[in-house]
Amino acid sequence: MNTQTDGLLIVDEDACEQLVGRQQAFDAVQDVFAAMARGDARNFPVVREALGHADAIYGFKSGFDRSGQVLGVKSGGYWPGNSQKGLTNHQSTVVLFDPDTGRITALVGGNYMTAVRTAASSAISIAHLARPDAQILGMVGAGHQSTFQLRAAAEQREFEKVVAWNPHPEMLPRLAEVAEDLGLEFEATTPEGLGAQADVIITITSAFEPLLKKDWVKPGTHLACMGTDTKGKMEVDPALVAAATLFTDEVAQSISIGEAQHAALKGEISQDAITPIGAVINGDHIGRSNDAEITLFDGTGVGLQDLAVASVAAQLAKNTGLANKVTL
């Protein structure tokens, strides 16, 4: 989208929340996944490092979508102590540039956008890979992003019930409130109990150990593993990854910093076993092949997702006058 102006647009968090809803995020992320699979968009190498201060992880994700004419970088990371300060643990900002000149065009708040684009990617995987008759949604994790995940997922299938587990059970009421708002039954359970019931499972944690084991997940389940985006992180048993039919946003990230990294390191899978979700969107891959198949989407979080939704926010803010404008 063309956001070129005579000055720099600044789109704050409030404007992003007003302008970009779940459907806009879903459409933008689905389009960029499709462009990636066609070779029309590419992510650049990720820089992601521990600061050695405040237990924070900080990095940069960038890329260029030729079809959408979007160029930019997301800068930010994870500060685990922020929740005690009344802030979200994830903090980021997106910078957009004019691909024709390299001039900066927009600064877009990235905190809400990170949550809504991450929820969009798991929702896209559910739309394309979950069984049509899926009725029970499992949620592993109850942090800030979990409510975004739940609302986006609930729009993809006719779910009747949500089953949830979190390492800190005192955080589960926030998910229960959202489930009630959506008219869904809610049950707090164990990881084993969750796996035994759920037709679709979303994991959205910052874990470094498997929270779900292979034997706990029933045939026909679709998993969207959304929390692993750094070397060493892990949400599910590598044996479960190896047993599933694998899809991802970007294969290179999946085997290096995503949920597939551990199974790949052990030699249990090769990168050829992982299909970009964009290939399913474009109709070049069948996706799920039968009702007993376990499918797993490894949502590593690519920079192009952030740029896609930020570009939508910048264009809408420009059109509606909700952006501030400055000249550098």
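Higher on the page you've got the structure.
Residues numbered from 1 in each chain as written. Predicted model: local features only at pLDDT ≥ 70, side-chain atom pairs only at ≥ 80, totals over all residues. Heavy atoms only, no water.

Another point: the nonpolar core. By size, the foremost hydrophobic cluster in this structure holds 65 residues, and its most contacted members are F33, L96 and V108. One finds W165, L194, C225 and L296 within the second-largest nonpolar core, a separate group that totals 25 residues. (Core = buried A, V, L, I, M, F, W, Y, C linked by side-chain atoms within 4.5 Å. Buried < 20%, exposed > 50% of the residue type's maximum accessible area, 1.4 Å probe, protein only.)

Take the environment of D249 next. Mapped onto the secondary structure, D249 falls in the loop between β15 (245-248) and α8 (251-256). For the pair formed by D249 and K233, sequence separation is 16 residues and the distance between their alpha carbons is 17 Å. Looking at D249, its side chain comes within polar contact range of the side chain of T248, at 3.2 Å. (Helix = DSSP H or I, 4+ residues; strand = E, 2+ residues; numbered from the N terminus. Polar contact = N/O pair within 3.5 Å; in protein donor to acceptor, adjacent residues only side chain to side chain.)

As enumerated under the stated definition, the model contains eleven salt bridges in all. The partner of R48 in a salt bridge is D229, and the shortest N-O contact between them spans 3.5 Å. Of this pair, R48 sits in strand β3 (residues 47-50) while D229 sits in the loop between β13 (222-225) and β14 (234-236); the two residues are 181 residues apart in sequence, bridging distant segments of the chain. On the basis of relative accessible area, R48 is assigned to the partly exposed category, the value being 23%. By relative accessible area, D229 is classed as buried at 13%. Two residues, D181 and R151, come together in a salt bridge whose shortest N-O distance is 3.1 Å. In this pair, D181 sits in helix α5 (residues 173-181) while R151 sits in helix α4 (residues 146-154), placing the two residues 30 residues apart along the sequence. D181 sits in the exposed class, given a relative accessible area of 54%. (Salt bridge = Lys/Arg side-chain N within 4 Å of Asp/Glu carboxyl O.)

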